[in-house]
Amino acid sequence: MSPKSVVFKKICKDKSVAVYMGKRDFVDRVDSVEPVDGVIVIDSEALQGRKVFVTLACTFRYGRDDMDVMGVAFRRELYLSTRQVYPPLQDREKGIHTKTQARLLRKLGNNAYPFFFEFPDNLPCSVALQPAPNDVGKQCAVEFEIKAFSADSQDAKVRKRSTVALMIRKVQFAPEDEGMAPSVEITKDFVMSEKPLHVKASLDKEIYYHGEPIKVHVNVTNTSNKNVKNIILSVDQVSTVVLYSNDSYVKCVDIEDSGDSVSAGATLQKDYTLLPLLANNRERRGIILDGKLKHEDTNLASSSIIKEGVLKEVLGIIVSYKVTVKLIIGGEIGLEVPFKLMHPKPDAVRWRRRWCSRSSSAPT
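Residues numbered from 1 in each chain as written. Predicted model: local features only at pLDDT ≥ 70, side-chain atom pairs only at ≥ 80, totals over all residues. Heavy atoms only, no water.

Draft legend 1. Main features of the sheet that holds strand β9 (residues 112-117). Sheet architecture is open: 4 strands sit in the order β1-β2-β4-β9, paired in antiparallel fashion. Lying at the two open borders of the sheet, with one neighbouring strand each, are β1 (8-11) and β9. Geometrically, the sheet is characterised by an average inter-axis angle of 25° between neighbouring strands, direction not taken into account. Inspection of the sheet shows strand β2 (residues 17-21) paired to strand β4 (residues 36-42) by 4 bridges, in the antiparallel sense. Residue pairing across strands places Val19 opposite Ile40, the latter belonging to β4. Here helix α2 (residues 99-108) sits on the sheet and contacts β2, β4 and β9; the angle it forms with β4, its principal contact strand, is near 10°. (Pairing = 2+ DSSP bridges. Helix = DSSP H or I, 4+ residues; strand = E, 2+ residues; numbered from the N terminus. Axes fitted to C-alpha atoms, helices over the stretch in contact; angles between N-to-C directions. Contact = heavy atoms within 4.5 Å.)

Laid out in structure tokens, this is it:
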């Protein structure tokens, strides 16, 4: 194998089964999802005649495993698929679906067997609720797991010593085709004023990448006799738990209290910059994050993009974002401008870096 290749390996305690995978992030392109592939290595002596199975599971966890109420555990299995890997049910060569599997099989020898799963198109992406500093145990999350185990049969009791599990992630990247730049405007009439107040808020584009500043264009035409005392802007994360309650939670992840005022008969045209970052929200419980693997950092959850026709009830948690612009005039006048916050496709990032490098080195 290439020295640059990364292989993830995990072995069970009794050494009977080991899992090898070339990656742990699998991309949901909305119309299709990358399949999950890997290799199982067995020790026939340690197996003592037992069979080997591999499962792909998606679990929605909304409480710790050691908690239950009236016998109901705070977790729900959204998807479970099981494959028998050993003894193989088909020729080993027919089970090879990717180049990574082929390289691993050549390296690991005759006791290695491939496995392969295809995601159904209605599963959510990996997300997790940011716990409070004093929270212990596993947090509320949508999680994916590859688990290999040896047993006499698929339904037999499985020993922990004969089980090995590896967390994986299902992720989405920003689509290539962006929608129109979002823009919202409102005209507000007042009882004691002959003329109205007009406000427009717009963004430069629909999709922003994590860590990218968001420029908000605000245009206020105040022909009323009211004074705008302040303008407050925020980025709000909206998370909807669709699996069991359909409740929505709004959390501010960045805010600017501008102190700008617009007197009666005046106008204001100004650009404001917001930057939603997890680094500025680490102490805030209830924010949804992208799912993370052990010992890795993460970021604010990416916007959910849902395939048309998929039932939202099975998606666990749906995440969206909006810029809120509030004008303080005794009460409040608010505008909400929706946008998407996502990661760029890795290929797009590499292409952009190469293009920028060539541009900077080109003769002027």
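Draft legend 2. Focus on the pairing of strand β17 (residues 230-241). For β17, a buried count of 11 out of 12 residues is recorded, marking the element as mostly surrounded by other parts of the structure. Here 12 bridges tie β17 to strand β21 (residues 317-329), and the two strands are oriented antiparallel to one another. Paired with Val238 across the two strands is Ser320, which belongs to β21. Sheet analysis places β17 next to strand β18 (residues 247-257), joined by 10 bridges and oriented antiparallel. Residue pairing across strands places Leu233 opposite Glu256, the latter belonging to β18. (Buried < 20%, exposed > 50% of the residue type's maximum accessible area, 1.4 Å probe, protein only.)

Draft legend 3. Molecular detail of the confidence of the model for the protein. Per-chain confidence: the protein averages 84 in pLDDT, with 85% of residues scoring 70 or above. The low-confidence segment residues 66-72 (pLDDT under 50) makes 6 contacts with residues lying over four places distant or belonging to another chain. The low-confidence segment residues 349-364 (pLDDT under 50) makes 2 contacts with residues lying over four places distant or belonging to another chain. (pLDDT = per-residue confidence, 0-100.)

Draft legend 4. Inspection of the sheet that holds strand β14 (residues 197-203) at higher detail. Across the sheet, which stays open at both edges, the 4 strands sit in the order β13-β14-β16-β19 with antiparallel pairing between neighbours. With partners counted over all chains shown, the strands left at the sheet margins are β13 (183-188) and β19 (267-274), one partner each. Going across the sheet, the axis of each strand differs from the next one's by a mean of 15°, ignoring polarity. Alignment of β14 against strand β16 (residues 214-222), held across 7 bridges, turns out to be antiparallel. Bridging from a neighbouring strand, Lys200 pairs with Asn219 of β16.

Draft legend 5. Representation of the pairing of β4. Most of β4 is tucked away, with 7 of its 7 residues classed as buried. Of the two faces of β4, both are covered, the one formed by Val36, Gly38, Ile40 and Ile42 as well as the one formed by Asp37, Val39 and Val41. As defined by bridge partners, β4 adjoins β9 across 6 bridges and the pair is classed as antiparallel. Following the sheet pairing, Asp37 is matched in β9 by Phe116.

Draft legend 6. Layout of the nonpolar core. In terms of nonpolar packing, the biggest core is built from 69 residues, with Val36, Ile40, Phe115, Ile146, Ile231 and Val323 touching the most fellow members. With 7 residues, the single largest contributor to this core is β21. Here this core spans two domains, and each of domain 1 (8-172) and domain 2 (183-357) adds at least three residues to it. Non-local contacts of Ile146, meaning those with residues more than four positions away in its chain, are made with Val19, Met21, Val36, Val54, Thr55, Leu56, Phe115, Phe117, Val164, Ala165, Leu166 and Ile168. (Core = buried A, V, L, I, M, F, W, Y, C linked by side-chain atoms within 4.5 Å. Domains from an automatic or database assignment.)

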